[in-house]
Amino acid sequence: MQKRKLGYSELYLTTIGLGTWAMGGGDWKFGWGPQDDMASVKAIHAALDQGINWIDTAAIYGHGRAEEVVGRAIKGIRNEVIIATKCGRVWEGDSREIGKSLRADSIRREVEASLKRLAIEVIDLYQIHWPEPDEEIEEGWGTVADLVKEGKIRYGGVSNFSVEQLKRAQAIHPITSLQPPYSMFRREIEEEIMAYCGSNQIGIIAYSPMQAGLLTGKFTKERAAGLPESDWRSQHPFFMEPQLSVNLQAIDQLRKIANEKKISLSQLSLAWVLRNKEVTSAIVGARNPQQIEETAKAGELSLTKGEIEGIEEILAWRIHNL
């Protein structure tokens, strides 16, 4: 699979990375519903078999569960995979309440806990999950910089930061990467963030490029209505009326372009995100091996000028009708 250099670092990521948000299961505030750990392990192994060379996780996914699953899956093959995880979302014991902290002592506790759950000695990319609390950004990022010097982590990145917040962190220590949401249905980073990252050697890792499964083309009104309460999407406007009907109509039109190209809508969605040179990689989730086998192929696809123009017309129609 094609690889791209991540920012100023020496990490070369495949254009598709495996995300583990859903592998945290449904027993937490932002869960995706029930998930079998063995299916998760098999999905991770399938991703590596497909040529994917990096995994993105976070301490908060299932309150440590996703990291433990990743640790189990990479046992004995640690040197074959790049591991990225995140800090800044915290909890106490068995509590399901989620706190926010970028204090130095908190991040230091988090990194040790993540290393233990992942069963590794160093984290390749350690990311501040959210810029919250805002007033603690400098302390948090300074701690990440210290952890790089101490050898606990190789590189530091951030997620969900604005340009102004990126500048504040960049003044302390170089930022390797930014992980923002980016898909056909969420294009906010095109306004300022993409250009800033491109001119400052900050790699962009796009999360939710298939808009939490909506852009796989496998959603219907009935499936959206049947999402369990333990699935955070059941309360998201994209999956509820009046937005749902407009989204599904746009997806029907996008599917026609995918069919003409003889690819799936998932693959079209990923190729669209990766058309930007500023985007290093796109993260795709998987609950089982079959899902990742389809989406991994998108790492080698490219879109023609005509296909991109056709997509833009559909996306403009969607915005007009929302």
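The paragraphs below set out a description of the structure included in this document. Just so you know, the residues in each chain are numbered from 1, in the order the chain's sequence is written. Side-chain atom pairs in this predicted model are given and counted only at pLDDT of 80 or more, local residue features only at pLDDT of at least 70, and totals for whole chains, interfaces and linings cover all residues. Where side-chain values are given, they derive from all heavy atoms of the structure, hydrogens and water being excluded.

1. Overview of the pattern of salt bridges
Just to be clear on terms, a salt bridge is a Lys or Arg side-chain nitrogen sitting within 4 Å of an Asp or Glu carboxyl oxygen. On inspection of all chains with the given rule, the structure shows 24 salt bridges. Its salt-bridge partner being D105, residue R109 comes within 3.8 Å of it at the nearest N-O pair. Separated by four residues within a single helix, R109 and D105 lie in helix α3 (residues 104-118), roughly one turn from each other. The buried label applies to any residue whose accessible area, calculated with a 1.4 Å probe on protein chains only, is under 20% of its type's maximum; exposed applies above 50%, and partly exposed to all values in between. Overall, R109 belongs to the exposed group, its relative accessible area being 54%. Owing to a relative accessible area of 45%, D105 belongs among the partly exposed residues under this scheme. Across the pair E190 and R275 runs a salt bridge whose closest N-O atoms are separated by 3.3 Å. Pair noted here: E190 is in the loop between β10 (177-179) and α6 (193-199) and R275 is in the loop between α9 (265-273) and β12 (279-285), with a separation of 85 residues, a long-range link. Judged by relative accessible area, which is 30%, E190 ranks as partly exposed. When salt bridges with common partners are traced through the structure, they connect D134, E138, E164 and R168 into a single cluster. Secondary structure elements follow DSSP: runs of H or I of four or more residues count as helices, runs of E of two or more count as strands, with numbering from the N terminus.

2. Structural notes on the pairing of strand β8 (residues 123-128)
Among the six residues in β8, six count as buried, and that is most of the element. The β-α-β motif built from β8, the intervening helix α4 (residues 137-150) and the parallel element strand β9 (residues 153-159) has right-handed crossover chirality. Handedness of a crossover: with both strands directed away from the viewer, a clockwise path from the first strand across the helix to the second marks it as right-handed.

3. Some remarks on the side chain of T176
Along the polypeptide, T176 turns up in the loop between α5 (163-170) and β10. Polar contacts involving the side chain of T176 include one to the side chain of Y8, which spans 3.4 Å. Discounting chain neighbours no more than four positions away, the residues touching T176 are L6, G7, Y8, S9, L125, Y155, G156, Q201, I202 and G203. N or O atoms closer than or at 3.5 Å make up a polar contact, with two conditions inside protein: a donor-capable atom paired with an acceptor-capable one, and, for residues adjacent in sequence, both atoms drawn from side chains. Note on contacts: a residue pair is in contact if any heavy atoms of the two residues lie within 4.5 Å.

4. A closer look at the layout of surface pockets
Of the two site types, the cavity is a set of points on a 1 Å grid over the protein atoms alone where a 1.4 Å probe fits but cannot get out, and the pocket is an open set with protein on both sides within 12 Å along at least five of seven lines, each lined by residues with an atom within 4 Å of a point. Grid points are joined across faces, edges and corners, and a volume is the space filled by probe spheres set on the points. By volume, the second largest pocket amounts to about 230 Å³. For the second largest pocket, the full set of lining residues is A59, R89, V90, W91, E92, S106, R109, E110, A113 and R117. Residue assignment for the lining of the second largest pocket shows that the elements contributing at least two residues are β6 (89-90) and α3. The element best represented in the lining of the second largest pocket is α3, accounting for five residues. All residues other than Ala, Val, Leu, Ile, Met, Phe, Trp, Tyr, Cys, Pro, Asp, Glu, Lys and Arg, Gly among them, are scored as polar; the first ten of these are nonpolar and the last four charged. Here the lining of the second largest pocket is built from residues that sort into four nonpolar, one polar and five charged.

5. A closer look at the packing of helix α1 (residues 37-49) against helix α2 (residues 65-73)
Think of each axis as a best-fit line through the C-alpha atoms, taken over the contacting stretch in the case of a helix, with angles from 0 to 180 degrees between the N-to-C directions. Contact geometry for α1 and α2: axes closest at 9 Å, N-to-C directions at 55 degrees. Judged by the angle between their axes, α1 and α2 are oblique. Where α1 crosses over α2, the handedness of that crossing is right-handed. Each of D37, S40, V41, I44 and H45 in α1 lies in contact with α2, whose residues at this interface are R65, V69, V70, R72 and A73. Here the residues of the contact of α1 with α2 sort into five nonpolar, two polar and three charged. Here is the rule for angles: anything less than 35 degrees is roughly parallel, anything more than 145 is roughly antiparallel, 65 through 115 is roughly perpendicular, and the remaining ranges are oblique. We call a crossing left-handed when the near helix sits turned anticlockwise from the far one by less than a right angle, and right-handed when that turn is clockwise.

6. Regarding α9
Among the nine residues that make up α9, nine are buried, leaving the element largely enclosed by the rest of the structure. Those residues of α9 that fall on the buried side of the exposure criterion are L265, S266, Q267, L268, S269, L270, A271, W272 and V273. Those residues of α9 that are buried lie in contact with β3 (16-19), β11 (203-206), α8 (243-261), β12, α10 (289-295) and α11 (305-321).

7. Observations concerning α2
For α2, the set of buried residues is A66, E67, V69, V70, G71 and A73. Its buried side turned inward, α2 meets α1, β4 (54-56), β5 (82-87) and α3.

8. So, the nonpolar core
Most often, soluble globular proteins keep nonpolar side chains buried together rather than apart. By size, the foremost hydrophobic cluster in this structure holds 88 residues, and its most contacted members are I44, M184, F185, L268 and I311. Ranked by residues supplied to this core, first place goes to α8 with seven residues. Definition of nonpolar core: a set of buried residues of the types Ala, Val, Leu, Ile, Met, Phe, Trp, Tyr and Cys, connected through side-chain atoms within 4.5 Å. If you look at the next biggest cluster of nonpolar residues, it comprises 11 residues, including L11, L13, Y155 and I283.

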